[in-house]
Amino acid sequence: MKKISLVIVLLIIFLIGGFTAYKVIRMHNDNLILVTEKRIIEAAQKCWREDKCPNDIVTLKELYENNYLEQEINPLTKEIYSDASYVTKEENVYQFKSVD
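Here goes a summary of the coordinates provided. (Residues numbered from 1 in each chain as written. Predicted model: local features only at pLDDT ≥ 70, side-chain atom pairs only at ≥ 80, totals over all residues. Heavy atoms only, no water.)

A few points about the packing of aromatic side chains
Then, in step 1: Under the counting rule described, the total for this entry stands at 2 aromatic pairs.
Then, in step 2: Aromatic pair Y81 and F96: ring centres 5.2 Å apart, planes at 80°, arrangement edge-to-face. Pair noted here: Y81 is in the loop between α2 (60-65) and β2 (86-90) and F96 is in strand β3 (residues 93-97), with a separation of 15 residues, a long-range link.
Then, in step 3: Accessibility expressed as a relative area gives 10% for F96, which makes it buried. (Phe/Tyr/Trp six-rings, centres within 6.5 Å; stacked < 30°, edge-to-face > 60°. Helix = DSSP H or I, 4+ residues; strand = E, 2+ residues; numbered from the N terminus. Buried < 20%, exposed > 50% of the residue type's maximum accessible area, 1.4 Å probe, protein only.)

Looking at the pairing of β3
Then, in step 1: Relative to β3, β2 is paired through 5 bridges, and the arrangement is antiparallel. The partner of V87 across the bridge, within β3, is F96.
Then, in step 2: The hairpin turn running from β2 into β3, its antiparallel successor, is 2 residues long, and E91 in that turn takes a positive phi close to 50°. (Pairing = 2+ DSSP bridges.)

Focus on a nonpolar patch on the surface
Then, in step 1: Together, M1, I4, I8, I12 and I16 make up an exposed nonpolar region whose accessible area comes to about 560 Å².
Then, in step 2: Its place among the elements puts I4 in helix α1 (residues 2-49). (Patch = residues over 30% accessible without salt bridge, like charges linked within 9 Å, V, L, I, M, F, W, Y side chains within 5 Å. Areas by Shrake-Rupley, 256 points an atom, 1.4 Å probe, with all protein chains shown as cover. Salt bridge = Lys/Arg side-chain N within 4 Å of Asp/Glu carboxyl O.)

Quick notes on the sheet that holds strand β1 (residues 57-59)
Then, in step 1: The strand order across the open sheet built from 3 strands is β1-β2-β3, with neighbouring strands paired in antiparallel fashion. Each end of this open sheet is capped by a strand with a single partner; those strands are β1 and β3. Strand after strand, the sheet turns through a mean of 20° between neighbouring axes, direction not considered.
Then, in step 2: Here β1 pairs with β2 via 3 bridges, running antiparallel. For T59, the partnering residue across the bridge sits in β2 and is Y86.
Then, in step 3: Where α1 meets the sheet, it contacts β1, β2 and β3, and its direction lies at approximately 120° from that of β3. (Axes fitted to C-alpha atoms, helices over the stretch in contact; angles between N-to-C directions. Contact = heavy atoms within 4.5 Å.)

Right, dumping it as structure tokens:
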């Protein structure tokens, strides 16, 4: 009976620990992506404010050429974002779209 109780307690601890670790890692990864996307969006907003980007869509290539950004890397995959990736502006809502 003691062995069964010990196994159940260890199983519960393992499950709680595993779930907690998963949530922490997932939140960390989400924050990494959020920070990268915010940096890209802020560069696009600055480009629009300074009238160097007249369209409602700004590609990373345009931001690189106008020196608003240096080459951006996806923090999870460690791959360079495509120059064709872009930021859209619709009614003061900005979104970054990664093109693979």
